[in-house]
There are 2 protein chains.
Amino acid sequence: MTNPLSIRHRYGLTLLLALALPLLVQANEPLPSWNDGPAKNSIIEFVQAVTDQSGKDFVKPAERIAVFDNDGTLWSEQPAYFELLFAFDEVKRTAPQHPEWTTTQPFKAVLENDHKALAAAGMDGILKIFGATHTGMTTAAFDDDAKTWLSQAKHPKTGKPYTEMIFQPMLEMLDYLRSQQFKTYIVSGGDTAFMRAFAEKVYGIPPEQVIGTTFVTAFQLKDGQPSILRTAKLAHNDDGPGKPESIDAAIGRRPILAFGNSDGDLQMLQWTAAGTGKRFMGLVHHTDAKREWAYDRQSPVGKLDKALDEAKSRGWTIVDMAAEWRRVYPFEAATAEQVQ
Amino acid sequence: MTNPLSIRHRYGLTLLLALALPLLVQANEPLPSWNDGPAKNSIIEFVQAVTDQSGKDFVKPAERIAVFDNDGTLWSEQPAYFELLFAFDEVKRTAPQHPEWTTTQPFKAVLENDHKALAAAGMDGILKIFGATHTGMTTAAFDDDAKTWLSQAKHPKTGKPYTEMIFQPMLEMLDYLRSQQFKTYIVSGGDTAFMRAFAEKVYGIPPEQVIGTTFVTAFQLKDGQPSILRTAKLAHNDDGPGKPESIDAAIGRRPILAFGNSDGDLQMLQWTAAGTGKRFMGLVHHTDAKREWAYDRQSPVGKLDKALDEAKSRGWTIVDMAAEWRRVYPFEAATAEQVQ
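About the cut-offs
Residues numbered from 1 in each chain as written. Chains lettered and ligands numbered in written order. Predicted model: local features only at pLDDT ≥ 70, side-chain atom pairs only at ≥ 80, totals over all residues. Heavy atoms only, no water. Helix = DSSP H or I, 4+ residues; strand = E, 2+ residues; numbered from the N terminus. Buried < 20%, exposed > 50% of the residue type's maximum accessible area, 1.4 Å probe, protein only. Contact = heavy atoms within 4.5 Å. Buried area = accessible area lost by both parts, 1.4 Å probe. Salt bridge = Lys/Arg side-chain N within 4 Å of Asp/Glu carboxyl O. Polar contact = N/O pair within 3.5 Å; in protein donor to acceptor, adjacent residues only side chain to side chain. Nonpolar A, V, L, I, M, F, W, Y, C, P; charged D, E, K, R; others polar. Least-squares fit on C-alpha atoms with pLDDT ≥ 70 in both. Axes fitted to C-alpha atoms, helices over the stretch in contact; angles between N-to-C directions. Parallel < 35°, antiparallel > 145°, perpendicular 65-115°, else oblique. Left-handed = near helix turned anticlockwise from the far one by under 90°. Phe/Tyr/Trp six-rings, centres within 6.5 Å; stacked < 30°, edge-to-face > 60°. Lys NZ or Arg CZ within 6 Å of the ring centre and 35° of its normal. Pairing = 2+ DSSP bridges.

Enquirer: Before we move on, can you summarise the overall build of chain A with the specific residues and values?
Expert: Helix and strand counts for chain A stand at 13 helices and seven strands. Dimensions of chain A, computed from C-alpha atoms along their principal axes, come out at roughly 80 × 50 × 45 Å. Scored against the burial criterion, the 340 residues of chain A give a buried share of 53%. Counting contacts in chain A only where the partners sit at least 6 residues apart, residues at least 24 apart contribute 64% of the total.

Enquirer: Any chance you could break down the interface of chain B and chain A for me, citing the residues and the numbers?
Expert: Listed per partner, the contact involves 30 residues of chain B and 30 residues of chain A. Both faces combined, the contact of chain B with chain A buries some 2500 Å², and carbon together with sulfur accounts for 53% of it. Of all residues in chain B, E208(B), F219(B) and E245(B) give up the largest surface area on contact with chain A, accounting jointly for 24% of the area buried on that side. In this assembly, chain B and chain A are joined by six salt bridges. When the shortest N-O distance is used, the salt bridge between E208(A) and K183(B) registers 2.9 Å. If you look at where chain B meets chain A, you find 16 residue pairs in polar contact (both at pLDDT 80 or more). Secondary structure elements with two or more residues in the side of chain B that touches chain A: β2 (183-191), α9 (192-203), β3 (210-222), β4 (225-236), α10 (242-250) and α11 (266-273) of chain B. Classifying every residue of the side of chain B that touches chain A gives 15 nonpolar, eight polar and seven charged.

Enquirer: Now, about the pattern of salt bridges: what can you tell me, with residues and values included?
Expert: Scanning all chains against the criterion turns up 38 salt bridges over all chains. The salt bridge partner of K243(A) is D69(A), with a shortest N-O separation of 2.9 Å. A residue pair is termed long-range when its members are at least 10 positions apart, and K243(A) in helix α10 (residues 242-250) and D69(A) in the loop between β1 (65-68) and α4 (82-94) qualify at 174 residues. Across the pair, exposure class does not vary: K243(A) and D69(A) are buried alike. Through salt bridges with shared partners, a single network forms among K183(A), R253(A), E200(B) and E208(B).

Enquirer: Let's hear about the relation of the copies chain B and chain A: which residues, and what values?
Expert: Superposition record for chain B on chain A: RMSD 0.0 Å, screw rotation 180°, translation along axis 0.0 Å. Within this description, the copies of the chain are treated as partners about a two-fold rotation axis. Across chain B, the rotation axis passes nearest the C-alpha of A250(B), at a separation of 3.5 Å. Most of the interface of chain B is mirrored in chain A: 100% of its interface residues are interface residues there too.

Enquirer: An account of the side chain of E310(A) is needed here, citing residue identities and associated values.
Expert: All names here are of chain A. By secondary structure assignment, the location of E310 is in helix α12 (residues 306-314). At 3.2 Å, the side chain of E310 and the side chain of Q270 are in polar contact. A distance of 2.8 Å separates polar atoms of two side chains, one belonging to E310 and the other to R314. Not counting the four nearest positions on each side in its chain, E310 is found in contact with L266, Q270 and W316.

Enquirer: Could you give an account of the packing of helix α3 (residues 38-51) of chain A against helix α8 (residues 168-179) of chain A, naming the residues involved and the relevant values?
Expert: Two quantities define a packed helix pair, namely the angle between the axes and the distance from one axis to the other. Residue and element names in this part refer to chain A. Closest axis-to-axis distance for the α3/α8 pair is 11 Å, and the angle between their directions is 15°. Here α3 lies roughly parallel to α8, going by the angle between them. Crossing geometry of α3 relative to α8 is assigned as right-handed. In this structure, α3 contributes I43, I44, V47 and Q48 to the contact, and α8 contributes M173, Y176 and L177. Here the residues of the contact of α3 with α8 are counted per class, giving six nonpolar, one polar and no charged.

Enquirer: I'd like a rundown of the packing of α4(A) against helix α6 (residues 115-134) of chain A, residues and numbers included.
Expert: Residue and element names in this part refer to chain A. In contact at an axis separation of 10 Å, α4 and α6 are set at 75° when each is read in the N-to-C sense. With respect to α6, the element α4 is oriented roughly perpendicular. On the side of α4, the interface is formed by E83, L84, F86, A87, F88, E90 and V91, while α6 contributes L118, I126, I129, F130, T133 and H134. Tallied by class, the residues present in the contact of α4 with α6 amount to nine nonpolar, two polar and two charged.

Enquirer: Describe the packing of aromatic side chains, naming the residues involved and giving the relevant values.
Expert: Here the structure, examined in full by the defined rule, presents 38 aromatic pairs over all chains. Seen from their ring centres, F167(A) and W325(A) are 5.3 Å apart, and the 50° between their planes marks the pair as tilted. Taken together, the residues span a long stretch of sequence, with F167(A) in the loop between α7 (139-152) and α8 and W325(A) in the segment after α13 (321-324) at a distance of 158 residues. On the basis of an interplanar angle of 10° and a centroid distance of 4.5 Å, the ring pair of W101(B) and F107(B) is categorised as stacked. Given a relative accessible area of 4%, W101(B) falls into the buried group. Across from the ring centre of F331(A), 4.7 Å away, lies the NZ or CZ of K160(A), which sits over that ring.

Enquirer: Explain the environment of D57(B) residue by residue, including any values.
Expert: All names here are of chain B. Position of D57 among the secondary structure elements: in the loop between α3 (38-51) and β1 (65-68). Separated by 165 residues in sequence, D57 and K222 place their C-alpha atoms 54 Å apart. Aside from chain neighbours lying at most four places away, what touches D57 is A49, V50 and K278. Of note is the side chain of D57, whose polar atom sits 3.1 Å from the side chain of K56.

Enquirer: Could you give an account of the sheet that holds β1(B), naming the residues involved and the relevant values?
Expert: Residues and elements named next belong to chain B. Reading across the sheet, the seven strands line up as β4-β3-β2-β1-β5-β6-β7 and stay open at both edges, with mixed pairing between neighbours. Two strands bound the open sheet, and with one partner strand each, they are β4 and β7 (317-320). Adjacent strand axes in the sheet meet at a mean angle of 30° when their direction is disregarded. For β1 and strand β5 (residues 257-260), the ladder comprises three bridges, and the chain directions are parallel.

Enquirer: Can you explain the environment of G190(A)? Please cite residues and give values.
Expert: All names here are of chain A. Residue position: G190 is located in strand β2 (residues 183-191). What makes G190 buried here is its relative accessible area of 5%. When the C-alpha atoms of G190 and D239 are compared, they prove to be 8.6 Å apart, with 49 residues separating the residues in sequence.

On their own, these measurements won't tell you what the molecule is for.
Next comes the structure, spelled out in structure tokens:
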């Protein structure tokens, strides 16, 4: 290796500038954690096209609606949806107020970490656990519960708070879109109130742009003090066809960009694709068993099968996580740029 | 009266400037269609307090949420809610596709302008009329229907399009709030999709900031073309307690300003008032039989009784339309400034 001092001696200021230049360029370029591959290029090409005022694909700022799934798209979802892990922890935390849970399924299974009994309880069991941990309290109390858990709980594999297991490349994409006057939304199967407990701080997405699964609520006035009670009745299941339904109900405009990672996002992508003018449809494909997880068609969590086929046949952007992301989580160091 | 020419001769340029100054000031002053009375003063005092960065009442821009009822607050609601008049006209327009309506109530009553039979059909009849005219079509088709009617229909009393029977002072208030980085929302008992058909153009309120009564929708895919069907099942009745419920569900933040005009707005006002920090609660009181309508405690439309008592006892702002508004509709000339 050449001694850098001798080089500096020989080329002086010119070399110093040449060394510094790539750093300066990088600071201004969008999506630094994305390799210079097909996914990054398709995002930038789309954004440039719809923001070019003299181009045929121009979209006025008010109509630059971008929707993102949350679980598996903006943060990880393994070994189980993080909200489900919250529900399990909440069962344990509140068990002293429910002595009957020590002998009643599916709560007994949660308290005893009995995975087999929990699996046997099935979706019905999961719904009971969600009901007991997500409803029956005021919206303010639930927000407190969620924020307390998020500030304390650690992921079983990484040991990191769940709110750090967010995808750095997607954060950069959200920032990039907002810098180009896009309005960024979450549209997710998760509970709206659970996601609002961290979305603004972590993603920069304010509560009014978080759309998810909801329960029927009831306004109540006690001793002159109003509050809003979360009842156990499901109001809207924001998965699959529920996503375009809630987009239409809450936003009232069709997005021009949609990003998901599983079959539960297919209808949202179809709805976005069916609009007139230029559109962007993207899927995060979990291909990175080393830095994150690798799963798709056979996974019980975040199953990606039909949507993968449709994305391939229609030319939607498929993000091969292992190949296209220089970094997965903000707490990791970036890998070297891989020019493809 | 002194001859103005002789004055000009005596004082020259100084006087010209003095005459022009009030006009310049007026152009920059907010709320020109409001008299310099208690309502205008309370609005300006509130806005100045929450936007003063060095003051104790400062609220950061992201939390400057302002919610407005629509019927009777932003536009008129007499002789009946305008959306009901739309529904009646839609029954007439679509009657050829429903020959059975000529012999079936409440449709027969609408087709024959039979007010007595219509009154006899009661709320059940009204719901049938809403079901027939507001559901069973795609969201895109309903939007077309509403926009077509709004562009053609005329109000029976003024002969003006309904979208011109909006309140000039409230338009100015919306503009003023937005100039101070407030986010303005509609929260109304009206159908969300009906209001979205004109809210952006008429009030400058985008579809994602229009919250109202909703029906359950269903995503459908026909020959590869997705659409969203409006079903006849009510999803949310956005009146009374439904208002704070929908505010919490759709916005996820408590407003710092709420404006209504009837008992259906009481819970929204209570919910707003119960937050910490400085708050503004306002009611439009319809006291102007000459320029608009005068009604309150006994009115079947826009009944204002309990909310009026609570506003008085809690010191909320009550806008006496006859006394405080220099102009009601944009198409009217303003009355002279009444200094009170």
